[in-house]
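# Structural overview
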Amino acid sequence: NWTMAKFVDKEIARIRALVGEKGQVLGAVSGGVDSTVAAKLMHEAIGDRFHAVLVDNGCMRLYECEQVKETLTKHLGINLTVVDASDLFLDGLKGIHDNPEAKRKFIGSTFIDVFEAEALKIENEAENSPKAGRIEWFLQGTLYPDVIESISFKGPSQTIKTHHNVGGLPERMMNGQGLKLIEPLRELFKDEVRELGRQLGIPHDLVMRHPFPGPGIAIRVLGEVTREQVAIARKADYIFIEEIRKAGLYDQISQAFAALLPVKAVGVMGDKRVHQQVISLRAVQTTDFMTANIFRFDWDFLERVSTRICNEVDGVCRVVYDLTTKPPGTIEME
Ligand code: XMP
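Parameters at a glance
- Residues numbered from 1 in each chain as written.
- Predicted model: local features only at pLDDT ≥ 70, side-chain atom pairs only at ≥ 80, totals over all residues.
- Heavy atoms only, no water.
- Helix = DSSP H or I, 4+ residues; strand = E, 2+ residues; numbered from the N terminus.
- Disulfide = S-S within 2.5 Å.
- Buried < 20%, exposed > 50% of the residue type's maximum accessible area, 1.4 Å probe, protein only.
- Axes fitted to C-alpha atoms, helices over the stretch in contact; angles between N-to-C directions.
- Parallel < 35°, antiparallel > 145°, perpendicular 65-115°, else oblique.
- Left-handed = near helix turned anticlockwise from the far one by under 90°.
- Contact = heavy atoms within 4.5 Å.
- Pairing = 2+ DSSP bridges.
- Salt bridge = Lys/Arg side-chain N within 4 Å of Asp/Glu carboxyl O.
- Near = heavy atom within 4 Å.
- Polar contact = N/O pair within 3.5 Å; in protein donor to acceptor, adjacent residues only side chain to side chain.
- Nonpolar A, V, L, I, M, F, W, Y, C, P; charged D, E, K, R; others polar.
- Arc of directions from axis to C-beta.
- Core = buried A, V, L, I, M, F, W, Y, C linked by side-chain atoms within 4.5 Å.
- Expected span 1.5 Å × (residues − 1).

## Concerning the environment of A247
- Mapping A247 onto the fold places it in the loop between α10 (227-246) and β6 (255-269).
- Separated by 41 residues in sequence, A247 and D288 have C-alpha atoms that sit 25 Å apart.

## Looking at the state of the cysteines
- For the coordinates displayed, the defined rule picks out zero disulfides.
- Counting only cysteine sulfurs, C59 is the nearest neighbor of C65, a cysteine outside any disulfide, at a range of 12 Å.
- Note on C65: relative accessible area 11%, which makes it buried.
- With no disulfide of its own, C317 has C310 as its nearest cysteine by sulfur position, at a separation of 6.6 Å.
- Since its relative accessible area comes to 12%, C317 is described here as buried.

## Digging into the packing of helix α2 (residues 33-46) against helix α8 (residues 190-199)
- The geometry of α2 relative to α8 is characterised by a closest axis approach of 10 Å and an angle of 45° between their N-to-C directions. Comparing the axis directions of α2 and α8 gives the class oblique. Viewed along their axes, α2 and α8 form a crossing whose handedness is left-handed. Each of V33, D34 and V37 in α2 lies in contact with α8, whose residues at this interface are K190, V193, R194, L196 and G197.

## Quick notes on the sheet that holds strand β5 (residues 180-182)
- The five strands are arranged β3-β2-β1-β4-β5 in an open sheet whose pairing can be described as parallel. Every other strand in the sheet has two partners, leaving β3 (80-84) and β5 as the edge strands with one partner each. Averaged over all pairs of adjacent strands, the angle between their axes in this sheet comes to 30°, without regard to strand direction.
- Relative to β5, strand β4 (residues 135-139) runs parallel, the two being bridged by three bridges. Counterpart to W137 in the pairing with β5 is K180.

## Regarding the pattern of salt bridges
- In total, this model carries 20 salt bridges according to the counting rule given.
- Between R186 and E183 there is a salt bridge; the shortest N-O distance is 2.5 Å.
- Given the relative accessible area of 12%, E183 is considered buried.
- For R304, the salt bridge goes to E243, with nearest N and O atoms at 3.4 Å.

## Quick look at the site of the ligand
- Taken together, 13 residues lie around the ligand, and R104, Q255, K326, I331 and E332 are the ones closest in.
- One of the backbone nitrogen or oxygen atoms of G214 is found 3.2 Å away from an oxygen atom of the ligand.
- Between I331 and the ligand, the recorded distance is 2.7 Å, taken from a backbone N or O atom to an oxygen atom.
- The residue makeup of the shell around the ligand, split by class, is five nonpolar, four polar and four charged.

## Concerning helix α4 (residues 86-93)
- Of all the positions in α4, only S86, F89, L90 and L93 are classed as buried. All buried residues of α4 lie within an arc of 90° about the axis, which places them on one face of the element.
- As for α4, its buried residues are in contact with β2 (50-56), β3, α5 (100-127) and α10.
- G95 occupies a position one or two residues after α4 and carries a positive phi of about 95°.

## Focus: the nonpolar core
- One finds F240, I244, I279, L281, F297 and I309 to be the most contacted residues of the largest nonpolar core, which totals 53 residues.
- In this structure, V19, V29, L188 and I202 belong to the second largest nonpolar core, which totals 39 residues.

## Topic: helix α3 (residues 64-75)
- Compared with the 16 Å implied by 1.5 Å per residue over 12 residues, the 15 Å span of α3 between its first and last C-alpha is a close match.
- The set of residues buried in α3 consists of E64, C65, V68, T71 and L72. When α3 is viewed along its axis, its buried side chains cluster within an angular range of 135° and face the same direction. Residues of α3 that are exposed and point over 90 degrees away from its buried face: E66, K74 and H75.

Structure representation (structure tokens):
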């Protein structure tokens, strides 16, 4: 009979056999559940011969980059390099108006450039280390539903998942440098990945973390992404999530975030009329992320969040709650 403990032992043995005594593995981490669990499993199997890279694209949540670094290195012992590429991303995003797909494409291709450059550095260092061999493997935190989805969605109709992780990211690296894929989570569903994470000693908050898209806050700032707009969306999001946690609702919600709308409205603040921006809050419940219902907060909760955001986030004078199910809405706003 199948248990998670047996799965861990078997998978660690399989990874060791595959990679060999000296083999090295490279992988991207985001701070999300899947990449963290996959990274921790690699670390258990081959220690520092697994190299994790976190690319800071300037569009992560408030304080998230620091937190992820702390958790992965200090608590989980993972060999992690953080690349701060936020200027590159934020400078490049300027001037993209009204074109969500262009944002995604720019972020996706810039990510690959940055990741590839870092991988080359790590490879050069690794070549010179007498203890270890060449980097031959690339880790991917692909889950079973990703495998299914990428098969069933192939075809001309589909840009639904430009983000899709399966085979997407490393294609150029795989062909160019002959890296082979290693996908330890490829037979697991999300709840099983969480269970595996617990088994590996990953903290509860991380195991239960809501999904966060690769392009991050850039697709939650509608319209042009600038440093100022990202700062506003981040602060509002931080307050919303903080209140959700305080109310004990985090684990009942599948995904929640604040988005910054590209419009201004009039408000009164103190004794002055102001003309400022609008934050939209979104929280959904779903099992498969293909369809979703909105989460039903009580009014006191929503009012509290609204008041805090207007008081604490400069440039915002109005907060709305998004009542759109998926479909017709997507979970993200762009
Ligand atoms: P949508 O917005 O398509 O989102 O209803 C479904 C789920 O996918 C996530 N998502 C992404 N994840 N890169 C990712 O890694 C992306 O570009 C991306 N776009 C959407 C979204 O957060 C939700 O969980």
